[in-house]
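Structural characterization, general
Now for the letters of each chain:
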Amino acid sequence: MEAQTGSGNAVGLEDSSQRENQSDSSWQENQPIRANASSSSVASAYFNNKITIPEDQQHPIFSFKKLWAFTGPGFLMSIAYLDPGNIESDLRSGSVAQFKLLWVLMSATFLGLLMQRLSARLGVVTGMHLAEVCYRSYPRVPRLVLWIMVEIAIIGSDMQEVIGTAIAFYLLSDGKIPLYAGVLITIADTFTFLFLDKYGLRKLEGFFAFLILIMVVTFGYEYVMVAPDQPALLRGMFVPFCEDCGPDQVLQAVAIIGAIIMPHNIYLHSALVKSRDVDRTKRDHIQEANKYFFVEAAIALFISFLINVFVTAVFAEGFYGRNITQVYDSCIEREVPHASVFNTTNLEVDIFRGGVFLGCQFGLAAMYIWAVGILAAGQSSTMTGTYTGQFVMEGFLNLKWKRWIRVLFTRSIAIFPTILVASFSGIQDLTQMNDMLNVLMSMQLPFALIPILTFTSSESIMGDFKNGRLMSVFTALLAVLVIGINLFFISVYIHSLPSHWAVYVAVSVLVILYLTFVLYLCLSCLKPRETPYVLSESISGTSLDLDSETPDFGSMTNASEFGSTPKTPDFGSTANTSEFGSTPNASVVEKDHNKRNTSSL
């Protein structure tokens, strides 16, 4: 009996090997991304090398040694929670509602953590990031629309980072570096920083951690100097109520959520986790990776939350309740540059005015320290945006560009309108552009939330690691809530557009198209898909067959199109193991064929 079983396994493995060899040529033509020698030259450091996870048998439950090995992707992801758009949202929250909206900030950060958890799990379990899974999940036209929407979000975020960096240079130079020059400088410094990954993955992650440390020190300094009311701060953080709040405060609460959760950041995190060498043929290794990536993301977002609280509290304590005369007089008394921005009838605050205000109230050092923090926020966010753009383009289009070309493409689109406003209008119009960009990115949020909920709830893709029923319902309700809030934010902004019939017609058409596509994604979430992927027993049904002959299964309607016998899972054998993990155990693969020879999405 044992001999017969062994013979049967040998035959099964031989047939499987033959099928893999037969499909090799078509796979090379159709598969979007593989980490081979030809692609390594254009990939970022995240795909040129991987961090090995050490063994620590003395601490089987939780190992700080392993946590350190997994630390990195979460902190890079958390930078999107600290970009200039978020900083501006924080200071406005403190200026209009004092501490009363801190609970909204905390809730939005927690919601962001849940979404980042799903993103990281998708990358760990499947070995592919969200854009790559979308490539295999949707037909060509919806896939291209998704790519365009994500690119719009990336470009919008890039514009905010350019604006923040230009304002930082303007403040640091006391206006000697004009805004348009600051915008142009962002091109050169981004290219310079991109060479950092040539020195290794850990050094690149260390540099990002250093930028976060700069924000902790600078904004923490402002927090200590202002010394906000701690009981009021804690009450605003843990009591979900906004007493005596009007439309301005409600709108700001919506803006907080829209600024915190960035759609392109969900795509980014699912790619960053691939930088760790996780053996996806072993279930316990996947569980371990999911656990440590979640812990790391929670720590990173906690730090970003503290920085956001620092900014909110500084303006809640120092700016809230003041009148324009008090602020302007203090600026004149301290002889602060740019004091003229408060020589007006309306007292408003943004990234630029916020820095000037701190100089007026607490001395010039406070203004310069604020500018250094804004500069760190802008530079770090710019670099992560560049990586996101590369991952998205490679995933959705199977198009690999060298990083400097990708940076030039994205940054050129971002700089063109920014430099026009900076040259012909002024710094006030730049901050108004920031508001418009927040609305723009809010509109793109469904195009990340719906796909990530769809794929992580699919047993065919995630196997035993799919979302549980309770988690699926909870995250779906949260996604609906976030999307609804952002649509409300958009509707409020539309009222500020010019009152002209052509504007209304154009907006109506765009809204109908927008809602139609969102509805399509929602319906596709409920519709079972067929996929060429095979579930591997080695990880309890979580391996994706990356050697399928048909990369686009969103348009498939019949499982027979994939062949009568499913192929064995192969996570990039030979030259491609560095990207997708090691090849599954042969006996496990054969067992999978015997049990699941009809499995497909």
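Residue indices follow the written sequence of each chain, beginning from 1 at its first position. Residue-level local features of this predicted model are given only where pLDDT is at least 70; pairs of side-chain atoms are given and counted only at 80 or more, and the full residue set underlies all totals for whole chains, interfaces and linings. The side-chain figures draw on all heavy atoms in the structure; neither hydrogens nor water molecules are used.

Our focus in this paragraph is the overall build of the chain. In terms of regular secondary structure, the chain is built from 27 helices and two strands. Here's how the labels work: a residue is buried when its accessible area is under 20% of the maximum for its type, exposed when over 50%, partly exposed in between, all with a 1.4 Å probe on protein chains only. Expressed as a percentage of its 601 residues, the buried residues of the chain come to 57%. Areas reported here follow the Shrake-Rupley algorithm with a probe of radius 1.4 Å; residue values treat only the protein chains shown as occluding. Split by element, the accessible area of the chain, about 24500 Å² in all, is 63% carbon and sulfur. Runs of E in the DSSP output that reach at least two residues are strands. Runs of H or I that reach at least four are helices, and both are numbered from the N terminus.

By convention in this document, the label disulfide applies to cysteine sulfur atom pairs within 2.5 Å. Here the structure, examined in full by the defined rule, presents two disulfides. Two residues share a disulfide in this structure: Cys 242 and Cys 245, whose sulfurs sit 1.5 Å from each other. On the sign convention where negative is left-handed, the bridge of Cys 242 and Cys 245, at about -60 degrees about the S-S bond, is left-handed. One disulfide bridge connects Cys 331 with Cys 360, the sulfur atoms lying 1.8 Å from each other. When the S-S torsion is 100 degrees, as for the bridge of Cys 331 with Cys 360, the disulfide is right-handed. With a gap of 29 residues between them, Cys 331 in helix α17 (residues 324-334) and Cys 360 in helix α18 (residues 351-362) connect regions that are remote in the sequence. You'll find Cys 331 and Cys 360 in the same group, each marked buried. The connectivity of the disulfide bonds within the chain can be written as 1-2, 3-4, using the sequence rank of each bonded cysteine.

Another point: the pattern of salt bridges. Where side chains of opposite charge bring their charged atoms close, a pairing between them can arise. Think of a salt bridge as a Lys or Arg side-chain nitrogen and an Asp or Glu carboxyl oxygen that are within 4 Å of each other. One pass over the structure, following the stated rule, counts eight salt bridges. The salt bridge involving Arg 276 is made with Glu 205; its shortest N-O contact spans 2.9 Å. Of the two residues, Arg 276 sits in strand β2 (residues 276-277) while Glu 205 sits in helix α12 (residues 201-226), which places them 71 residues apart along the sequence. Arg 276 gets classed as buried once you look at its relative accessible area, which sits at 1%. Here Arg 283 ties to Asp 464 by a salt bridge, and the two come within 3.4 Å at their closest N and O atoms. Taken together, the residues span a long stretch of sequence, with Arg 283 in helix α16 (residues 283-318) and Asp 464 in the loop between α23 (459-462) and α24 (469-494) at a distance of 181 residues. Under the relative-accessibility criterion, Arg 283 is labelled partly exposed at 28%.

In terms of nonpolar packing, the biggest core is built from 144 residues, with Leu 146, Phe 219, Tyr 267, Phe 315, Trp 370 and Phe 396 touching the most fellow members. Among the elements that make up this core, the one with the highest residue count is α16 (16 residues). Grouped together as the second largest cluster of nonpolar side chains are five residues, Val 162, Val 183, Ile 415 and Ile 419 included. Nine residue types can take part in a nonpolar core, namely buried Ala, Val, Leu, Ile, Met, Phe, Trp, Tyr and Cys, and a core is a set of them joined through side-chain atoms within 4.5 Å.

Here the focus is the side chain of Glu 222. Mapped onto the fold, Glu 222 is located in helix α12. Polar side-chain contacts of Glu 222 include one of 3.3 Å to the backbone nitrogen of Trp 370. Here Glu 222 is in contact with Val 314, Leu 358, Ala 366, Ile 369 and Trp 370, once residues within four sequence places are set aside. Contacts described as polar in this section are N or O atom pairs within 3.5 Å, which, within protein, must combine one atom able to donate a hydrogen with one able to accept it, while residues neighboring in sequence count only if both atoms come from side chains. A contact between two residues is defined here by any heavy atoms of the two lying within 4.5 Å.

Since there are 3.6 residues in each turn of an α-helix, residues three or four apart along the chain are aligned in direction. In this model helix α10 (residues 140-172) runs 48 Å from its N-terminal to its C-terminal C-alpha over 33 residues, within 8% of the 48 Å that 1.5 Å per residue would give. With respect to burial, α10 is a largely interior element, 26 of its 33 residues being buried. What a helix should span is 1.5 Å times the count of its residues minus one.

This part covers unusual backbone geometry. Despite not being glycine, Ala 227 has its phi angle at roughly 55 degrees, a positive value. Tracing the backbone shows Ala 227 in the loop between α12 and α13 (230-238).

Relative orientation of the contacting elements α18 and helix α19 (residues 364-397) amounts to 150 degrees, with a least axis distance of 6 Å. When the axis of α18 is compared with that of α19, the two are roughly antiparallel. Every pair of crossing elements has a handedness; the one defined by α18 and α19 is right-handed. Of α19, the residues touching α18 (which contributes Ile 351, Gly 354, Gly 355, Val 356, Leu 358, Gly 359 and Phe 362) are Leu 364, Ala 366, Met 367, Trp 370 and Ile 374. Only Asp, Glu, Lys and Arg are considered charged in this grouping, and only Ala, Val, Leu, Ile, Met, Phe, Trp, Tyr, Cys and Pro are considered nonpolar; every other residue, Gly among them, is considered polar. Broken down by class, the residue content of the contact of α18 with α19 amounts to nine nonpolar, three polar and no charged. Only C-alpha atoms enter the line fits that serve as axes; for helices the fit covers just the stretch in contact. Angles between N-to-C directions range over 0 to 180 degrees. Orientation is classified from the angle alone, with under 35 degrees giving roughly parallel, over 145 giving roughly antiparallel, 65 to 115 giving roughly perpendicular, and any other angle giving oblique. Left-handed describes a crossing in which the near helix is turned anticlockwise from the far one by less than a right angle; the clockwise case is right-handed.

Ring pairs are drawn from Phe, Tyr and Trp, using the six-membered ring of Trp, whenever the two centres fall within 6.5 Å, and their geometry is named by plane angle: stacked under 30 degrees, edge-to-face over 60, tilted for the rest. Applying the stated rule across the entire model yields 16 aromatic pairs. With a centroid separation of 5.9 Å and an interplanar angle of 55 degrees, the aromatic rings of Tyr 138 and Phe 455 are classed as tilted. Of this pair, Tyr 138 sits in the loop between α9 (130-137) and α10 while Phe 455 is found in helix α22 (residues 446-456), placing the two residues 317 residues apart along the sequence. Residue classification places Tyr 138 among the buried residues on the basis of a relative accessible area of 0%. Given a relative accessible area of 1%, Phe 455 falls into the buried group. Judged by centre distance (5.3 Å) and plane angle (65 degrees), the rings of Phe 219 and Trp 370 are edge-to-face. Placement of the pair is Phe 219 in helix α12 and Trp 370 in helix α19, with a sequence separation of 151 residues. The same class applies to Phe 219 and to Trp 370, which are both buried. By way of ring pairs, the aromatic residues Phe 62, Phe 64, Phe 70, Tyr 292 and Phe 293 are connected into one cluster. Directly above the ring of Tyr 135 sits Arg 143, whose terminal nitrogen or CZ lies 4.4 Å from the centroid. In our convention, an over-ring charge means Lys NZ or Arg CZ found within 6 Å of a ring centre and within 35 degrees of that ring's normal. In this structure, Arg 283 packs its charged tip against the face of Phe 465, placed 5.0 Å from the ring centre.

In this section: the environment of Ile 148. Topologically, Ile 148 is positioned in helix α10. By relative accessible area, which is 40% here, Ile 148 ends up partly exposed. Each C-alpha atom, one on Ile 148 and one on Phe 396, is 9.7 Å from the other, the two residues being 248 residues apart in sequence.

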